[in-house]
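Observations on the model geometry
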Amino acid sequence: MISIAILGYGTVGSGVAHVLDENIEEVRNSAGEEVCLKAILDLRDFPGDPHEAQVTHDYETILNDPEIRVICETMGGENPAYEFTKKALQAGKSVCTSNKELVALHGPELVRIASEHGVSYLFEASVGGGIPILRTLAGALASEKIDHITGILNGTTNYILTRMEEGISFDDALADAQEKGYAERDPSADIEGHDACRKIAILGSLMTGGYVDAAQVPTEGITRITADDLKGASQFGYAVKLLGSSRRTPQGLEISVAPFLIPEDHPLASVRGVFNAIAVHGNMLGTSMYYGQGAGRDATASAVVADVCEIVKNGCGNVPVAMTGMRVEPAAEEDAAWPFFVRVPRVNKAALFSTFIDAKGQETDTAAFIITAPMKESVLKEKLARISNEAGWIRVMDE
Ligand code: HSE
């Protein structure tokens, strides 16, 4: 029997306990032996909770307990999760986590410390919630040259965009997402693209076997998108999605988070609501796509528990992870050329259509739209400055 501990009995931490309770037999079969939840670290008490007796406020009791071999870090945030994780790995305990912030900031160091101490640091739940994307990359797709990963990596923004397709404003869609518990009271990490940025940085790191610093990933959220954009895009046969993308090019790794117009028949266009989907292109396999719940207590906890099983199955030793400290410098963004979808107020329609004379135009009661030929964003901005100071633009994915 292997004993484990949970750090942080919040949404994901309590989900881990729930998955272990519900799937006791499946977990035993997968891990190859019984997995027993021995301790839960939290500042709070949980009177009446079925795991009340396992709650402790003292991390040292967990660290000094030789029976505890695996720790599930579900605290989130950089500190104190970073110190706690390092101490656990140095004490010879494996750690699995849902903490994308910590992995994006310190992943290579924690992976190295784990390897030096003959234990594991796994983070399946940090990307795509319950979608087993990291294990797929490390296992089933390990013999492929992965040249492009692109995906809808944030459920909150996908929910907001899906609601905006129905014609409601960004503010109303955000308020609705908050009411349903999908968006935080401070929604900036989601709507500004930072959450998706950490996830694509982790995927970009694993794709290259190095380390992509999230701070270097050009990131744009969905706050500039209007309901008119969704309407205009649809008239051209496109959907609008916030995509994280990491692609090998001759110029280097192109990696970004930004809203894109994608053709309505593209598989990612049909991903609606809070779901996530990740398309992976391998040189021999072509494109394969992975779809599922990118957030939520039990789905995310299921991925944490899958890591626990992987570790126990491997004798609580080191499960290698392809994330080294070798920094991957992203290719300069200003070199990239895209077709752009452009929106201006209807009063600027004539100027727009006469500037982009070959572009096909569309209009609604309030706005006019075009899709340009591929060009650099700096060139587009120069042209639009002469047309309207209320212009908006979104990249178009045309492949
Ligand atoms: N806020 C995140 C999302 C949760 O909406 O996808 C999972 O990381």
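This report concerns the structure included in the present document. (Residues numbered from 1 in each chain as written. Predicted model: local features only at pLDDT ≥ 70, side-chain atom pairs only at ≥ 80, totals over all residues. Heavy atoms only, no water.)

**Topic: unusual backbone geometry**
- The omega torsion across Asn-79 and Pro-80 is 5 degrees, close enough to zero to call that bond cis.
- Relative to the helices and strands, Pro-80 resides in the loop between strand 4 (68-73) and helix 4 (81-90).
- Unusually for a residue other than glycine, Cys-316 sits at a positive phi of about 60 degrees.
- With respect to the secondary-structure elements, Cys-316 resides in the loop between helix 12 (297-313) and strand 12 (337-338).
- On the basis of relative accessible area, Cys-316 is assigned to the buried category, the value being 5%. (Helix = DSSP H or I, 4+ residues; strand = E, 2+ residues; numbered from the N terminus. Buried < 20%, exposed > 50% of the residue type's maximum accessible area, 1.4 Å probe, protein only.)

**Notes on the environment of Asp-398**
- As for its position among the elements, Asp-398 is in the segment after strand 17 (392-396).
- On the accessibility criterion, Asp-398 (52% relative accessible area) is exposed.
- Sequence separation between Asp-398 and Asn-283 is 115 residues, and the spatial gap between their C-alpha atoms is 20 Å.

**Focus on the packing of helix 1 (residues 11-22) against helix 12**
- The geometry of helix 1 relative to helix 12 is characterised by a closest axis approach of 8 Å and an angle of 70 degrees between their N-to-C directions. Judged by the inter-axis angle, helix 1 sits roughly perpendicular to helix 12. Note that helix 1 runs across helix 12; the crossing there is right-handed. Residue-level inspection shows Thr-11, Val-12, Ser-14, Gly-15, Val-16, His-18, Val-19 and Leu-20 of helix 1 in contact with helix 12, the latter providing Arg-297, Asp-298, Thr-300, Ala-301, Ser-302, Val-304 and Val-305.
- Across the contact of helix 1 with helix 12, the residue classes tally to seven nonpolar, six polar and two charged. (Axes fitted to C-alpha atoms, helices over the stretch in contact; angles between N-to-C directions. Parallel < 35°, antiparallel > 145°, perpendicular 65-115°, else oblique. Left-handed = near helix turned anticlockwise from the far one by under 90°. Contact = heavy atoms within 4.5 Å. Nonpolar A, V, L, I, M, F, W, Y, C, P; charged D, E, K, R; others polar.)

**Some details on the sheet that holds strand 9 (residues 252-263)**
- The nine strands are arranged 11-10-7-8-9-17-13-15-14 in an open sheet whose pairing can be described as mixed. Both edges of this open sheet fall to strand 11 (286-293) and strand 14 (361-363), since each of them pairs with a single strand only. On average, each strand axis in the sheet is tilted by 25 degrees relative to the strand beside it, whichever way the strands run.
- The sheet contact formed by strand 14 and strand 15 (residues 367-371) spans three bridges and is antiparallel. (Pairing = 2+ DSSP bridges.)

**A word on the site of the ligand**
- Taken together, Lys-100, Asn-154, Gly-155, Thr-156, Asp-190, Asp-195, Lys-199, Gly-294 and Ala-295 are the residues near the ligand.
- Within the side chain of Lys-100, a nitrogen or oxygen atom sits 2.8 Å from an oxygen atom of the ligand.
- Between the ligand and Gly-155 there is a distance of 2.8 Å, counted from an oxygen atom to a backbone nitrogen or oxygen.
- Considered on its own, the ligand offers 250 Å² of accessible surface; in the complex 81% of this is hidden by protein.
- Residue assignment for the shell around the ligand shows that the elements contributing at least two residues are helix 7 (155-165) and helix 10 (194-208).
- For the shell around the ligand, the residue count by class is one nonpolar, four polar and four charged. (Near = heavy atom within 4 Å. Polar contact = N/O pair within 3.5 Å; in protein donor to acceptor, adjacent residues only side chain to side chain. Areas by Shrake-Rupley, 256 points an atom, 1.4 Å probe, with all protein chains shown as cover.)

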